[in-house]
Protein chains: 2
Amino acid sequence: MSELITKAKKAKRAVTDLITKSISQKNQALQFIADQLIQDTPYILQENKRDIEHAQAAGLHDSLVDRLILNEQRIKDMAEALEQLTFLPDPTGNVLETLKRPNGLMIEKVTVPLGVIGMIYEARPNVTVDASSLCLKTGNAVLLRGSSSAIHSNKALVSVIHKALEKSDLPTDSVQLIEDTSRDTAAQLFKLNEYLDVLIPRGGKALIQAVVEHASVPVLETGAGNCHVFIDESADPQMAIDIVLNAKTQRPSVCNSIETVLVEEAWAKEHIKELVEILIERGVELRVDQNIHELFPSLFLATEEDWQTEYLNYILAIKTVRGTTEAIEHINQYGSKHSEAIITESEENVRSFFQLVDAAALYHNASTRFTDGFEFGFGAEIGISTQKLHARGPMGLPALSSSKYIIKGKGQIRE
Amino acid sequence: MSELITKAKKAKRAVTDLITKSISQKNQALQFIADQLIQDTPYILQENKRDIEHAQAAGLHDSLVDRLILNEQRIKDMAEALEQLTFLPDPTGNVLETLKRPNGLMIEKVTVPLGVIGMIYEARPNVTVDASSLCLKTGNAVLLRGSSSAIHSNKALVSVIHKALEKSDLPTDSVQLIEDTSRDTAAQLFKLNEYLDVLIPRGGKALIQAVVEHASVPVLETGAGNCHVFIDESADPQMAIDIVLNAKTQRPSVCNSIETVLVEEAWAKEHIKELVEILIERGVELRVDQNIHELFPSLFLATEEDWQTEYLNYILAIKTVRGTTEAIEHINQYGSKHSEAIITESEENVRSFFQLVDAAALYHNASTRFTDGFEFGFGAEIGISTQKLHARGPMGLPALSSSKYIIKGKGQIRE
């Protein structure tokens, strides 16, 4: 039997054991993992170094190597995140609804763990600890499939987690690493409906696309963000500029930063110079439409491709629009249904924007950068869902739960 | 452009129009469809006759032909179901959560329609009306892809729906039939992520499997039910027998009927004869394990395959087990996570059963036949979900909705 199937079977058995554990047993296990990470920091860093050396020898890009790097501070941060998690409420075991039927049946809808979660991710070893802890907290077993470039770090981290789990009341098979990082194994994982309840990809667009395209296991799609700020005619100029700067430059590499600004014509006439100049001053490369290009002939002229691109960098497209309707149409055509903002003083335009824009998070007079489980007050984040089933927007712990109906009778049969 | 893409684009545009309509406008449209169905009954029956004649000429199995047949009563039933639907509350536009953040951001989680739903189904023309009305009620646009054998009935029904929609305030493109019933078109539909928000298969196991296997559009999986009744040692004999008879014979062709009975040894010793005899008397063909076979050598001996099979017919497998633990293991190994019942007077065994059996609906001392949106009091049913994401068990109108976050600020930016 392949490694994958052997471990999948073990994960399924672990679920039945996990479901009998109390939240304090789960929290204790999280605390043990936090302690063990600190204790075994030298070992983790030593194994992490092997991955870094491999990556450098293989000539990997600096930014990729950077994602691989663990250090004392990063491990401390992981341990702290684990401790924070112990303070959050259990999303499972809650009664969501109680229905008493005329025939006397008592129906309860109760939250339960999802079961076995497949986590497929790229070269960030911190995801190994993050995903494991979120799954344990919610009573799920997890099969981790990281990338080959992080294999030594991942093995080390999972061995540390196992050491901690052995001291705890939870089964060690709750967390397992698939060590075979071949593409064939990933392809098998995509189709493992018999054992997996859900598959969560974490990483770049290509990975997520591959999973969505090929998986038959239900997928929690997270990720891509082609987000916009629309500056309406009545927008406060300073507020609009502050929000655009924040949404573009505070951290351009993340999904809730913006890629295009839409500017209403009348506002543009008054304030576009100020906006363009400050963006250039902040080092943002601009791609502008014909109208703005006439004022700033030295800027790049935007092409169709610019409206579609998630730059994830200090690049921003700017387009003038005739009003809210055109802005909404542009966003619904090119946006990735992630986070969209309108800056305006018109309540009517806010209403249209909120009603008609199809996205997970819609903002009035605030930066799109707030789309985040921690900023929303969830205390944890699985990712940001850009699909509409199960969970949409920032996902906290409840996104890793499902429900079952429990029906109590006295011999009722159906007529 | 292909028919599919043209209609998918229209559906996407219809969504933006639909979202501005009030629930009374939607209910009015449903009422218009109900009226139009009654008014155009002769036309519908005439077109339906063409499908029936084709099917008979092609030598289709009687049970398949039966599914195709519409008559006055069936059309009246459809119209009545439409009227019933107008009385149900709107699952969209509701505020699920309000979060006020320390930075002053006001976050609301609001329910919204899913968007464009792809419905793929087999030779039951009633699904055309049923799916359309559930989607309209919930503000969704629908692309219907029925089978070629029902094409004339489906075209007639959709033209009747369009006639009614033209009188209403809703866009007629809210409901569209894909008339090209080729496999290629179905395969394209599976991958239409750009336009479809969700795909719902309704039909037999093969159809559902094909959709789950090949679709990249998120799927609401409904269907297969390999359900069990477990009779525990302390079970009331009459209650146990009544429930087994009901769960097997009241309507064996549906997913919430049972396929296997598990009987605890001590109970079997006392009562298995009575149970077996009454089942045979009711015309149920039995497949039994070695223990029972010794008492009834004329019965078929069950094979591994029997534990896996959803007979959907007057056939039942029976297996003796040593107790609740073995029963739970058997169910978790062979069940399809649909509906499972325990008959017992032991509260402890109920607790274990409820906690450890992984299924959408768990019963204590009641028939599995109650797993149904109407029996649960939902007033409508999209299907019964056997997956764990989004919705599990009987799905009422809320399963056709999603949510979005609406965030109101005063210029907040992220530090």
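Residues numbered from 1 in each chain as written. Chains lettered and ligands numbered in written order. Predicted model: local features only at pLDDT ≥ 70, side-chain atom pairs only at ≥ 80, totals over all residues. Heavy atoms only, no water.

Looking now at the sheet that holds strand E4 (residues 141–145) of chain A. Residues and elements named next belong to chain A. If you trace the 4 strands from one edge of the open sheet to the other, you get E5-E4-E3-E6, paired in parallel fashion. Two strands bound the open sheet, and with one partner strand each, they are strand E5 (175–177) and strand E6 (198–202). Here the strands of the sheet are splayed against their neighbours by 20° on average, with no regard to which way each runs. As defined by bridge partners, strand E3 (residues 116–121) adjoins E6 across 5 bridges and the pair is classed as parallel. Within E6, the position partnered with Tyr-121 by the bridge is Arg-202. Against the sheet, helix H7 (residues 151–167) makes contact with E3, E4 and E5, and its axis sits at roughly 155° relative to E5, the strand it touches most. (Pairing = 2+ DSSP bridges. Helix = DSSP H or I, 4+ residues; strand = E, 2+ residues; numbered from the N terminus. Axes fitted to C-alpha atoms, helices over the stretch in contact; angles between N-to-C directions. Contact = heavy atoms within 4.5 Å.)

Right, let's get into the UniProt feature "domain: Aldehyde dehydrogenase" (unreviewed entry) in chain A. Under the UniProt annotation, the feature "domain: Aldehyde dehydrogenase" (unreviewed entry) is placed at residues 10–278 of chain A. The distance separating the terminal C-alpha atoms of residues 10–278 of chain A is 57 Å; by composition the span is 52% helix and 17% strand. (UniProt positions renumbered as here; feature names shortened; annotations may be inferred.)

Further remarks concern the relation of the copies chain A and chain B. Note on the chain copies: they are related by a rotation about an axis and a translation along it. With an RMSD of 0.0 Å, the fit of chain A onto chain B corresponds to turning through 180° and sliding 0.0 Å along the axis. Expressed as a symmetry operation, the mapping of one chain copy onto the other fits a two-fold axis. Minimal C-alpha separation from the rotation axis in chain A is found for His390(A), amounting to 1.7 Å. Of all interface residues in chain A, 99% are interface residues in chain B too; the two copies therefore contact each other through one and the same surface. (Least-squares fit on C-alpha atoms with pLDDT ≥ 70 in both.)

Quick look at the pattern of salt bridges now. Under the counting rule described, the total for this entry stands at 44 salt bridges over all chains. The shortest N-O distance in the salt bridge between Lys248(A) and Glu259(A) comes to 3.2 Å. A residue pair is termed long-range when its members are at least 10 positions apart, and Lys248(A) in helix H10 (residues 237–249) and Glu259(A) in strand E8 (residues 258–264) qualify at 11 residues. The class of Lys248(A) is buried, set by a relative accessible area of 0%. A residue is classified by how much of its surface remains accessible, and Glu259(A), at 0% relative accessible area, is buried. A salt bridge links Asp306(A) to Arg287(A); the shortest N-O distance between them is 2.9 Å. Highlighted residues: Asp306(A) in helix H13 (residues 304–308) and Arg287(A) in strand E9 (residues 285–288), separated in sequence by 19 residues. Each member of the pair, Asp306(A) as well as Arg287(A), carries the same accessibility label: buried. Through salt bridges with shared partners, one network takes in Asp197(A), Lys337(B), Asp358(B), Lys388(B) and Arg392(B). (Salt bridge = Lys/Arg side-chain N within 4 Å of Asp/Glu carboxyl O. Buried < 20%, exposed > 50% of the residue type's maximum accessible area, 1.4 Å probe, protein only.)

A separate point is the pairing of strand E1 (residues 95–100) of chain A. All names here are of chain A. As judged from the 5 bridges shared by E1 and strand E2 (residues 106–113), these two strands associate in the antiparallel manner. Looking across to E2, one finds that Lys-100 is bridged to Met-106. Turn length for the E1-E2 hairpin, with the two strands adjacent in sequence and antiparallel, is 5 residues, and the turn residue Gly-104 shows positive phi of about 95°.

Regarding helix H15 (residues 347–356) of chain B, the residues found buried are Asn349(B), Val350(B), Phe353(B) and Phe354(B). Looking straight down H15(B), one finds its buried side chains confined to an arc of 135°; they lie on one side. Exposed residues pointing more than 90 degrees away from the buried face of H15(B) are listed as Glu348(B) and Arg351(B). Looking at the buried positions of H15(B), the neighbouring elements they touch are strand E16 (401–412) of chain A together with strand E7 (227–231), helix H14 (324–334), strand E12 (339–343) and strand E13 (361–366) of chain B. (Arc of directions from axis to C-beta.)

All names here are of chain A. Its place among the elements puts Glu-310 in the loop between H13 and strand E11 (315–321). One buried charged side chain, Glu-310, makes no salt bridge at all; its nearest oppositely charged neighbour is Lys-205, positioned 5.7 Å away. With residues up to four places along the chain from it excluded, the contact list for Glu-310 reads Ala-224, Gly-225, Cys-255 and Glu-259. (Lys, Arg positive; Asp, Glu negative; His and termini not counted.)

Right, let's get into the interface of chain A and chain B. Each partner contributes to the interface: chain A provides 72 residues, whereas chain B provides 71 residues. Of the roughly 6000 Å² buried where chain A meets chain B, counting both sides, 54% is carbon and sulfur surface. Taken as a group, Leu389(A), Tyr405(A) and Arg414(A) account for 14% of the area that chain A buries against chain B, more than any other trio of residues on that side. The interface formed by chain A and chain B contains 10 salt bridges. Linking Lys388(B) and Asp197(A) is a salt bridge whose minimum nitrogen-to-oxygen distance equals 3.1 Å. Inspection of the region where chain A meets chain B yields 47 residue pairs in polar contact (both at pLDDT 80 or more). In terms of residues, the side of chain A that touches chain B owes the most to one element, E16(A), which gives 11 residues. (Buried area = accessible area lost by both parts, 1.4 Å probe. Polar contact = N/O pair within 3.5 Å; in protein donor to acceptor, adjacent residues only side chain to side chain.)

Applying the stated criterion across every chain, the model contains 6 aromatic pairs over all chains. Between Tyr405(A) and Phe378(B), the ring centres sit 6.5 Å apart and the planes meet at 50°, which makes this aromatic pair tilted. Pair noted here: Tyr405(A) is in strand E16 and Phe378(B) is in the loop between E13 and strand E14 (383–385), and the two residues belong to different chains. With a centroid separation of 5.9 Å and an interplanar angle of 80°, the aromatic rings of Phe376(B) and Phe378(B) are classed as edge-to-face. With respect to burial, Phe376(B) and Phe378(B) carry one shared label: buried. By way of ring pairs, the aromatic residues Phe376(A), Phe378(A) and Tyr405(B) are connected into one cluster. Above the ring of Phe300(B), the side-chain terminus of Arg287(B) is found at 5.6 Å from the ring centroid. (Phe/Tyr/Trp six-rings, centres within 6.5 Å; stacked < 30°, edge-to-face > 60°. Lys NZ or Arg CZ within 6 Å of the ring centre and 35° of its normal.)

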